[in-house]
Amino acid sequence: MKKKQSAFFIIALLISLIILGLLYFNFKSNEIPSAYLKQGGFNRKVLGYSQHSLLKYELIKGYYNIVGISDKRIIIHECYTANLTILDPNKTNTIIKLPSEINPKNIFAISINPYNSSLLDIDCGNDGKIFTFDINKGKLADTYKFDFYFEKPVRASKDSFYCFFMGKTENIYNLGLVKFDAHKKAYIAKQSDISKVSMTDDGIFQKNNNDLIYLNYYNNNIMVTDSSFAKEVSYKTIDTITTRPKTVTLRNGTITKFLSAPRPVNQLMQISNEYLFVNSYVKADNDDLDINPKHPTDFIDVYDMKANYSYKGTIYLDMIEKGDRMQSFFIQGNKLIAQYSNCTVVYEVNF
Amino acid sequence: MKLISNYYKQIFNFLHYLLFALFAYASFSKLTDFDLFVNNLDKSPFFIGLNTALLAGLLICSELIIMLFIFFEKTCRLGYFLSFLLFFLFTGYIFLILKFSPYIPCSCGGLIDKLSWVQHIYFNILFMLISIFLFFWADKLQCDGATYNKELA
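This one's a predicted model, so the numbers in the text were calculated from it and none came from an experiment.

Here is what the cut-offs are and how they apply
Along every chain, residues carry numbers that run from 1 in the direction the sequence is written. A letter from A marks each chain and a number from 1 marks each ligand, given out in the order of writing. Where local features are concerned, this predicted model is filtered to residues with pLDDT of at least 70; where side-chain atom pairs are given and counted, the filter is 80 or more; whole-chain, interface and lining totals use all residues. Between any two strands, pairing holds if DSSP finds at least two bridges. Helix and strand assignments come from DSSP, with helices taken as H or I runs of at least 4 residues and strands as E runs of at least 2, each series counted from the N terminus. Helix axes are fitted to C-alpha atoms over the stretch in contact, other axes to C-alpha atoms as well, and angles between N-to-C directions run from 0 to 180 degrees. In this description, a nonpolar core means buried residues of the types Ala, Val, Leu, Ile, Met, Phe, Trp, Tyr and Cys, linked to one another by C-beta atoms lying within 7 Å. Here a residue counts as buried when 20 or more other C-beta atoms sit within 10 Å of its C-beta, as exposed when there are 12 or fewer, and as partly exposed otherwise, the C-beta atoms being derived from the backbone. Any pair of residues counts as being in contact when their C-beta atoms, constructed from backbone geometry, are within 7 Å of one another. pLDDT measures the predictor's confidence residue by residue and takes values from 0 up to 100.

(A) Quick peek at the sheet that holds strand 17 (residues 221-226) of chain A. All names here are of chain A. Pairing is antiparallel across the open sheet formed by four strands, whose spatial order is 15-16-17-18. Looking at which strands have only one partner, the edges of the open sheet turn out to be strand 15 (203-208) and strand 18 (232-236). Within this sheet the neighbouring strands show an average axis-to-axis angle of 20°, counted without direction.

Next up, the structure:
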C-alpha cells in the first residue's frame, strides 16, 4: 500500500513538474528576443559611429527612462518607483521622491513641461490623472483629472493636451484636444477622425512645433498631422515590417490580449530640430557586415522631417556592457543622452 | 495515551478546518472578482498566448473540488494530496516568476494580496507541509467528517 502511495506521489509530482516545464517553455518561446529582428531587406548608412562620449554617470542597476534636460541637469525616472534622479554636470546625483499622491506603478510617461522647464508632466492614465510636479519645490503644482480613459497625452498649451481617447467603437481611440474647466476636470474640446486601434497600433506620440507625430511600435508607419487635425500624412521608416501583432478580444470585448508576445519594431523616438530619431529593432542587411564590425548594441535612424521624413543615416552606439541595450535616449542640440541599466552616457553627435 | 491521541486529533482537526477554510476563501474570492483574477493572469509572462479565462475557470474549479474533497470524510485524503500538489505547482510558478520574469506581475486578490511573492513562497511551503502532514496522519487520526459537518451546519 505504501509503495503504491509513493509511486502515486512521484507520478503526480512529475506531472506537476511537466506542467511547470510547459509554462517555462511557453514563456521562453514568447520572450522578446534580445537580438534584433532580422527581417532585413534594406541597408543602413553610417551617419556617426563610435561617438565621442562626454560624460558617464554610474547608477544602481534598474530600468530607467530619460525625462529630459532642465537647467543643464539630466532628469531620469526609475520606472515603477517614485525615484527621480537628477544628474548634474559636475557628476553628482540627487534623488527626488515623487509625492505619495502619485502611484509610481501607474506612471506611463514623464515629460518636461514645454512652458516651464522646472515642471514635469506625469501621465498616470490608469488613475485618470496628469500630475504637474515642481522639481525645484519638490511638490505637486497641479492635477488634471479625466473621467474618461486617455492615452499618450502631449501638452498642447498651458492648459490643454492632445491625446487619444475612446471613440464610439470599442478598442478604437481617436486623437483629440482635451481642455480643462475651472476644477481642472477634462472635457473634449475637439475630436478628430484620426484613430488608432488599441494595442495593435500602439506607438510613440510627440509634438514638434505645429506637427503631431505618431510612430507605430509594431510597423514602419509614421503618421503626421497638424495641430488642427486638418491633414494626415503617412511616411515610412526604412524598416520592412508592416504587420500587426495578433490579438484576441475575449468576453464581449472586455479583455483584449496579445496572442503572442508583440515584437516591437520601433522602440524609442525623439525629435530635435528638424530631425526625427528612431531607435529601431530591425536589422539591416549590412549591419553585421561592412558597416558594423564591432557589433554595437543600438542603432538610431535619423530622418529629415523637412525633406518628407527621408532617411538621412544611422547613428551607431558602442556597446556599453554585453547584452545591455539602450533603455531610453534623449537628444538636445548635438548632445545625445543614452540610458542603460546601470549608467547614463552623454555623447556628442556631429553630422 | 488517550490524552495524547486527543491532543493530536485536535491539532489534526484544526489544520483540517484551516485547509478547508483556505480553499473556500481562495475559490470564492476569485469567483467574486473573476475579471480581476483573469486580468492578473493576463499580466503574467508565463501565460502569454493561453486562454487565461479558461485557465482561471479551471483553477477555480480545482480549488472548489479540493475544498469539497476535504469536506467529505471518504475523499479527504485525496483532498489533502491534491492540495499539496496545487501548492507545489503554485510555489513552482512563483519560483519561475522570481527567477525568470523580466517584471513581477501583481499576485492575487483578497487578504493574500498583502503578501509579497517571497512571503507567498513561505506561505505555500507552510501549507504544503500541512497538507502532507494531514495526508500521512489521516490514516492514524481519521478526520471526523461527521463532526465538522455538524459544526458547519
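Structure's up, so let's keep going.
(B) Focus on the nonpolar core. In terms of nonpolar packing, the biggest core is built from 60 residues, with A:Ile122, A:Ile300, A:Phe329, A:Ile337 and A:Ala338 touching the most fellow members. Dropping the residues within four chain positions of it, A:Ile337 is found in contact with A:Ile66, A:Ile74, A:Phe329, A:Phe330, A:Thr344 and A:Val346. Judged by nonpolar contacts, the second largest core, of 33 residues, contains B:Phe20, B:Phe23, B:Ala56 and B:Ile70.

(C) Highlighting the sheet that holds strand 9 (residues 129-134) of chain A. All names here are of chain A. Pairing is antiparallel across the open sheet formed by four strands, whose spatial order is 7-8-9-10. Looking at which strands have only one partner, the edges of the open sheet turn out to be strand 7 (109-112) and strand 10 (139-145). Ignoring which end each strand starts from, the neighbouring axes of this sheet average 20° apart.

(D) Spatial organisation of the environment of B:Leu19. Residue and element names in this part refer to chain B. Relative to the helices and strands, leucine 19 is located in helix 1 (residues 2-32). Classification of leucine 19 by C-beta neighbours within 10 Å gives buried; the count is 23. As a C-alpha pair, leucine 19 and isoleucine 130 span 111 residues in sequence and 8.1 Å in three-dimensional space.

(E) Examining the confidence of the model for chain B more closely. Residues and elements named next belong to chain B. Considering every residue of chain B, the mean pLDDT works out to 79; 78% of them sit at 70 or more. The least confident element of chain B is helix 6 (residues 145-152), whose mean pLDDT is 44; the most confident is helix 3 (residues 52-71), at 91. For this predicted complex, the interface score ipTM comes out at 0.79, alongside a pTM of 0.68.

(F) Layout of the pairing of strand 11 (residues 150-157) of chain A. Bridge analysis of strand 11 of chain A against strand 12 (residues 160-166) of chain A gives five bridges, and the strand direction is antiparallel. Residue pairing in the sheet places A:Phe150 in a bridge with A:Phe165 of strand 12 of chain A.

(G) Inspection of unusual backbone geometry at higher detail. All names here are of chain A. Within the chain, lysine 72 stands out as a residue other than glycine whose phi angle is a positive 65°. In this structure, lysine 72 sits in the loop between strand 3 (64-70) and strand 4 (73-78). Here lysine 72 falls in the exposed class, since 8 other C-beta atoms lie within 10 Å of it. Positive phi, normally seen in glycine, also occurs at lysine 152, with a value near 55°. With respect to the secondary-structure elements, lysine 152 resides in strand 11. What makes lysine 152 buried here is the crowd of 22 C-beta atoms within 10 Å.

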